[in-house]
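Coordinates in review
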Amino acid sequence: MSSESLPLSGARAVSAREAAPADRGYDYGFVGRSVAEAIGSFLLVFVGVAVAIFATGTGITSPLAFGLALAAAMVAFGYISGGHFNPAITLGSAVAGRTAWKYVLPYILAQLVGAILGVAILWVAINGHDQFGAQTKEFFLSASNGYAENSPTEFPLPSALLLEVISGALLTAVFLGATARRYGAVAAAFAVGVTYAVLLTMLAPVTGGGINPARSTATAIFAGGSALEQLWLFWAAPLLGAVIAGLIFLSVDMTVESRRGTHDHDRAETAEHVETATPAAANSATANPAAATPVTGTSPVVDEETRGFFDKPSARSADEDRPQDGTPGGRA
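Residues numbered from 1 in each chain as written. Predicted model: local features only at pLDDT ≥ 70, side-chain atom pairs only at ≥ 80, totals over all residues. Heavy atoms only, no water.

1. Focus on the overall build of the chain
For the chain, the count of helices and strands is 12 helices and zero strands. Reading the helices (α) and strands (β) of the chain from amino to carboxyl end gives α-α-α-α-α-α-α-α-α-α-α-α. Every one of the 332 residues in the chain was classed for burial, and the buried ones make up 47%. Of the roughly 14,700 Å² of accessible surface on the chain, a fraction of 68% belongs to carbon and sulfur atoms. (Helix = DSSP H or I, 4+ residues; strand = E, 2+ residues; numbered from the N terminus. Buried < 20%, exposed > 50% of the residue type's maximum accessible area, 1.4 Å probe, protein only. Areas by Shrake-Rupley, 256 points an atom, 1.4 Å probe, with all protein chains shown as cover.)

2. Here's the deal with the packing of helix 7 (residues 157-178) against helix 8 (residues 185-207)
Between helix 7 and helix 8, the shortest axis-to-axis distance is 9 Å and the interhelical angle comes to 175°. In this view, helix 7 runs roughly antiparallel relative to helix 8, as classed from their interaxial angle. Between helix 7, through Ala 160, Leu 163, Glu 164, Ser 167, Leu 170, Leu 171, Val 174, Phe 175 and Ala 178, and helix 8, the contact on the second element is made entirely by Ala 188, Ala 191, Val 192, Thr 195, Tyr 196, Leu 199, Met 202, Leu 203, Val 206 and Thr 207. In terms of residue class, the contact of helix 7 with helix 8 is built from 15 nonpolar, three polar and one charged. (Axes fitted to C-alpha atoms, helices over the stretch in contact; angles between N-to-C directions. Parallel < 35°, antiparallel > 145°, perpendicular 65-115°, else oblique. Contact = heavy atoms within 4.5 Å. Nonpolar A, V, L, I, M, F, W, Y, C, P; charged D, E, K, R; others polar.)

3. Details of the nonpolar core
Judged by nonpolar contacts, the single largest core of 43 residues is most densely connected at Val 49, Phe 140 and Tyr 196. Within the residue set of this core, elements represented by two or more residues are helix 2 (29-54), helix 3 (62-81), helix 4 (87-95), helix 5 (104-127), helix 7, helix 8 and helix 9 (213-223). (Core = buried A, V, L, I, M, F, W, Y, C linked by side-chain atoms within 4.5 Å.)

4. Some points on the packing of aromatic side chains
On inspection of all chains with the given rule, the structure shows eight aromatic pairs. Seen in terms of ring centroids, Phe 66 and Tyr 196 are 6.2 Å apart; in terms of plane orientation they differ by 80°. Their pairing is edge-to-face. Taken as a pair, Phe 66 in helix 3 and Tyr 196 in helix 8 lie far apart in primary sequence, 130 residues in all. Like Tyr 196, Phe 66 is buried. Judged by centre distance (6.4 Å) and plane angle (75°), the rings of Tyr 147 and Trp 232 are edge-to-face. Within this pair, whereas Tyr 147 is found in the loop between helix 6 (136-142) and helix 7, its partner Trp 232 is found in the loop between helix 10 (226-229) and helix 11 (233-275), the two being separated by 85 residues in sequence. The exposure class of Tyr 147 is buried, given its relative accessible area of 12%. On the basis of relative accessibility, which here comes to 43%, the residue Trp 232 falls in the partly exposed class. Put simply, the rings of Phe 30, Tyr 103 and Tyr 107 touch in pairs and so form one group of aromatic residues. (Phe/Tyr/Trp six-rings, centres within 6.5 Å; stacked < 30°, edge-to-face > 60°.)

5. Considerations on the environment of Ala 100
On the secondary structure map, Ala 100 appears in the loop between helix 4 and helix 5. Distance from Ala 100 to Thr 90, taken between C-alpha atoms, is 9.7 Å for residues 10 residues apart in sequence.

6. Brief notes about the packing of helix 3 against helix 8
Helix-helix packing: each pair is described by the crossing angle between the helix axes and the interaxial distance. Two elements in contact, helix 3 and helix 8, have axes separated by 8 Å at closest approach and are oriented at 155°. Relative to helix 8, the element helix 3 is oriented roughly antiparallel. Two packed elements cross with a definite hand, and for helix 3 against helix 8 that hand is right-handed. Side by side, helix 3 and helix 8 meet where Pro 63, Leu 64, Phe 66, Gly 67, Leu 70, Ala 71, Met 74 and Val 75 of the first sit next to Ala 185, Val 186, Ala 188, Ala 189, Val 192, Gly 193, Tyr 196, Ala 197, Leu 200 and Thr 201 of the second. For the contact of helix 3 with helix 8, the class distribution of residues is 15 nonpolar, three polar and no charged. (Left-handed = near helix turned anticlockwise from the far one by under 90°.)

7. Points about the side chain of Thr 179
With respect to the helices and strands, Thr 179 occurs in the loop between helix 7 and helix 8. Looking at Thr 179, the relative accessible area reads 0%, which means it is buried. At 2.6 Å, the side chain of Thr 179 and the backbone oxygen of Phe 175 are in polar contact. (Polar contact = N/O pair within 3.5 Å; in protein donor to acceptor, adjacent residues only side chain to side chain.)

8. Examining the environment of Leu 231
Topologically, Leu 231 is positioned in the loop between helix 10 and helix 11. By relative accessible area, which is 12% here, Leu 231 ends up buried. Separated by 85 residues in the primary sequence, Leu 231 and Gly 146 place their C-alpha atoms 7.5 Å from one another.

9. What about helix 5?
With 24 residues, helix 5 extends 35 Å between its outermost C-alpha atoms, agreeing within 8% with the 34 Å of an ideal straight helix rising 1.5 Å per residue. Among all positions in helix 5, only Val 104, Tyr 107, Ile 108, Ala 110, Gln 111, Leu 112, Gly 114, Ala 115, Gly 118, Val 119, Leu 122 and Ile 126 are buried. (Expected span 1.5 Å × (residues − 1).)

10. Remarks on unusual backbone geometry
Phi at Ala 148 takes a positive value of approximately 55°, unusual for a residue other than glycine. With respect to the element layout, Ala 148 can be found in the loop between helix 6 and helix 7. In the Ramachandran plot, Glu 154 falls in the positive-phi region, its phi being about 60° despite a non-glycine side chain. Turning to its location among the elements, Glu 154 is positioned in the loop between helix 6 and helix 7. By relative accessible area, which is 60% here, Glu 154 ends up exposed.

Given below as structure tokens:
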């Protein structure tokens, strides 16, 4: 779906992430990152909604199309912006400390522009058809998200809200976890894309599949009526779920940093103790080399390569998160 490069979000060393753009001589900045988010959102919504409208009864379903398009967009454009393409992912990534807050509003606006443009092109294409032009609004209403009477199976508001919040939290958690590991851009994009497709498949009979406020807004604008009236839920629920996931990752990152700070303090105290040893102790160490080995305390050594899923230190710089060299960002 913050911003961070794909394999990367909050797990790599700050020095490596900051050095790479300078070494390659480029920094995409606000404009480049925002354009990448707009293009990725356009691809995601254009393909997913087109399949939902045109490809009914074929081998590929709309949720699968959305998942594949998201994975492709993350690999293609994630190295520029982090690969969010979803306002919920952007907010969750910022809450987790993976994306600088100054990028949140530009990213969300870019995502909305890309999504609306994608649906607008479909609207123009359908209106140009003599037979289907009169049914354009119905097409987009069927592709929009809704609850109660607008739900495919008439799920009530509480059920739709609950499932959308949980789905938003799960998608954000997978994004933050996958993009923070060292398995590469394709692996992270695959994990996020598959998760998105599976969650949309689960939500399809409940709300028509939401999770992405930009996508929900784009179809609701062209469907109008009740789709616009119920749009609030498809902003509130995914954003709430994303904030929950972001806070969990932030708290775990802070715990890891606190633990590492304690280890550093213990090592500093040991070094100070060795440096202030009495001359007699130094002479004794010279006479007995075995006694010269300093005590390093009981703090375990943290191995970066074997850290667990959540055992990832934050890699954000103080004022900006930069894309890492050569690897697309993950940041559905």
